[in-house]
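Examining the three-dimensional arrangement
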Amino acid sequence: MKIPILDLKPAYEELRTELDAAYHRVMESGRVLFGEELAAFEDEYAKSIGVAHCVGVANGLEALQLVLMARGIGPGDEVIVPSHGYIATWLAVTHVGAHPIPCEPNPHTYNLDPAKIEPLVTSRTKAILPINLYGLPADYGPINLAAKRHGLFVLEDAAQSHGARLHERAAGTLGDAAGVSFYPSKNLGALADAGAVTTNDAGLAEKIRHLRNYGSKIRYQNEVIGLNSRLSELQAAFLRAKLSRLTEWNARRTGLAKIYVEKMKGLPDLILPGTTPGAEHAWHLFVVRTTRRDALQAHLTAAGIGTQIHYPTPPHLSNAYRAAGWKPGDFPLAEKFAAEVLSLPIGPHHTSAQIEEVCASVRGFFTRS
Ligand SMILES: Cc1ncc(COP(=O)(O)O)c(C=O)c1O
C-alpha cells in the first residue's frame, strides 16, 4: 500500500532513543513483572488524565472484565452495551456470566444513544458500558444521569479514546471506572498487549490489584477467584516513553482530521464523522459512511490506499452470539452502520500530503461515478 492505514515503524523511528533506553532499563533491572516501571507508568498515566488510580493489566478486554468482577456482576445480571461497536466490550460482560443488552447508537456520533437507555433497564440491570467509539467520548451527561436514577454503575470503554476529553474531563474519568487498551494500534499503544483500569474509587482499584494477580494480596494466599492479568515491566517502560508524545501525536491526528473534513465536505452520499457537544475527539479512527462503501473501498485499494471496516459484523449477528438468538433486523442502526462504515488512514505519522491524496481519491470516486 502506498498509503497504509497503519504503519508502526515510523513511531519507532521517532522514539528510538527513548524506546531503546526503556528496553535497557528493564533488562538491566533484572525485574520483568510488578516492578518500578509498572508503578511509574500507573502513576504517570493516572496524572495525565487526572484520575486517582490506574491499575495496569494484560489487555483492554480483561480491564473491562476485571471491573465487572470487582463489582460482583455475574450470572443473571444485565449490562447495557452499544449495539454498534467492538465485540470485546460484549465479551467482557459474557465472560463474567452476565448478559449484554444492546443499545442502539446515536446516528450522528455512532456512540450509544442515552435516550435509548431507560427502556432497556430492568430489575437485573447492573451497569451501563458505553464505548468512546473511534476516539469520540460518548455523551456521559445523560448517561450518568440515567445511571444515577436507576442505581447503575457506569463502566467506560476508553480503549479507543486516549487523550480525548468531554467538557475538559479526560476520557477514562467520565464514568465510575474505565477499561483502557494499549493494543499496539491505539493512540497510546504498547508493543504487545497491555491495558489498564482507571477510577477514583480506591476500594475498587484495590480489588482489581488483587484480582489481576490470582485474587491474591500475599503470595499463595488467595482470597478470591482472580485472573492472571499482568502488564509487564517492558510494556510499561515502552508506554512511559510513548505517553510523553501522546498530546503531540493526537494534535497531529486532529490536524489531519481537519483536512479530511475540509476537503471531503459536501460530497453526495458521504457522511463525515459527527461530534458530541463539548467533546475533543482523539481521532483514533477517521470513519466515513456511504451506501457505496464496498465500491469506495475497492476504488481506494486500487489506488494503493489502505482502509479498514470497524466493524463488518455487529456483535449480535456474530457466530459467537448465535446461541443468544438475535437475528437480522433486531438492531437496524448497528446493521446499517456495519454495512456502510469505512475507516480512512489517520495516524501521527501520516503526512498532510498523504491525507490530501486520500481526499482527492475519495472525491474522484464520488464525482466520476
Ligand atoms: C472498543 C474496544 N474495547 C475493548 C478492546 C479490547 O482491548 P484489547 O485488544 O487490549 O483486549 C478494544 C481493542 O482492541 C476496543 O477497541
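Numbering of residues begins from 1 in every chain and follows the order in which that chain's sequence is written. Where totals are concerned, whole chains, interfaces and linings use all residues; where local detail is concerned, this predicted model gives features only for residues with pLDDT of at least 70, and gives and counts side-chain atom pairs only at 80 or more. The basis for every side-chain value is the complete set of heavy atoms in the structure, and neither hydrogens nor water enter the calculation.

Digging into the packing of helix H3 (residues 60-70) against helix H4 (residues 87-95)
Interaxial angle, 0 to 180 degrees, is taken between N-to-C directions of lines fitted to C-alpha atoms, where a helix line uses only the stretch in contact. To qualify as a helix, a DSSP run of H or I must reach at least 4 residues; to qualify as a strand, a run of E must reach at least 2; elements of each kind are numbered from the N terminus. The contact between H3 and H4 brings their axes to 8 Å, and the two run at 40 degrees. Helix-helix and strand crossings are classified by hand; for H3 and H4 the assignment is right-handed. Contact with H3, carried on its side by Leu 61, Leu 64, Gln 65 and Leu 68, involves Ala 88, Thr 89, Leu 91, Ala 92, Val 93 and His 95 of H4 and no other residues of that element. Looking at the contact of H3 with H4 residue by residue, the class counts come to seven nonpolar, three polar and no charged. Left-handed describes a crossing whose near helix is turned anticlockwise from the far helix by less than a right angle; the clockwise case is right-handed. Residue contacts are counted whenever heavy atoms from the two residues lie within 4.5 Å of one another. Under the grouping applied here, Gly and all other residues not named as nonpolar or charged are polar, the nonpolar ones being Ala, Val, Leu, Ile, Met, Phe, Trp, Tyr, Cys and Pro and the charged ones Asp, Glu, Lys and Arg.

Observations concerning the packing of helix H1 (residues 9-29) against helix H8 (residues 246-264)
Packing of H1 against H8 brings their axes to within 13 Å, and their N-to-C directions diverge by 145 degrees. Regarding H1 and H8, the two cross each other, and that crossing is right-handed. Facing H1, whose interface residues are Ala 11, Glu 14 and Leu 15, H8 presents Glu 248, Trp 249 and Arg 252.

Considering the pattern of salt bridges
Oppositely charged side chains are able to pair whenever their charged atoms sit close together. Salt bridges are defined as contacts in which a side-chain nitrogen from Lys or Arg sits within 4 Å of a carboxyl oxygen from Asp or Glu. One pass over the structure, following the stated rule, counts 22 salt bridges. In this structure, the salt-bridge partner of Glu 13 is Lys 9, at a minimum N-O distance of 3.5 Å. Here Glu 13 pairs with Lys 9, and both are found in helix H1, just four residues apart, close to one helical turn. In this structure Lys 9 comes out as exposed when scored by relative accessible area, which is 55%. With a closest N to O distance of 2.8 Å, Arg 25 and Glu 37 form a salt bridge. Of this pair, Arg 25 sits in helix H1 while Glu 37 sits in helix H2 (residues 36-49), placing them twelve residues apart in sequence. With relative accessibility at 8%, the residue Glu 37 sits in the buried group. The cut-offs for exposure are 20% and 50% of the maximum accessible area for each residue type, with area from a 1.4 Å probe on protein chains only; residues under the lower value are buried, those over the upper are exposed, and the others partly exposed.

As for the site of the ligand
A cutoff of 4 Å decides nearness: a residue is near a molecule or strand if any of its heavy atoms lies inside that distance of it. In the region of the ligand, 13 residues are neighbours, and Gly 60, Asp 157, Gln 160, Ser 181 and Lys 186 sit closest. Gly 60 has a polar backbone atom sitting 2.7 Å from an oxygen atom of the ligand. As used in this structure description, the phrase polar contact means that two N or O atoms lie within 3.5 Å; if the pair is within protein, one of them must be able to donate a hydrogen and the other to accept it, and residues adjacent in sequence are counted only when both atoms belong to side chains. Here an oxygen atom of the ligand sits 2.9 Å away from a polar atom, N or O, in the side chain of Gln 160. Every accessible area reported is derived by Shrake-Rupley at a probe size of 1.4 Å, with residue values counting cover from the shown protein chains alone. For the ligand, the protein covers 90% of the area, taking 380 Å² as the surface of the free molecule. Contributing elements (two or more residues each) for the shell around the ligand: H3 and H4. Split into classes, the residues belonging to the shell around the ligand amount to six nonpolar, five polar and two charged.

Some words on the pairing of strand E14 (residues 341-344)
Residue alternation in E14 divides its side chains into two sets, Val 341 and Ser 343 and Leu 342 and Leu 344, and both sets are buried. Judged from the four bridges that link them, strand E13 (residues 286-289) and E14 form a sheet pairing that is antiparallel. Note that in E14 the partner of Arg 289 across the bridge is Val 341. In this description, strands pair whenever DSSP reports at least two bridges between them.

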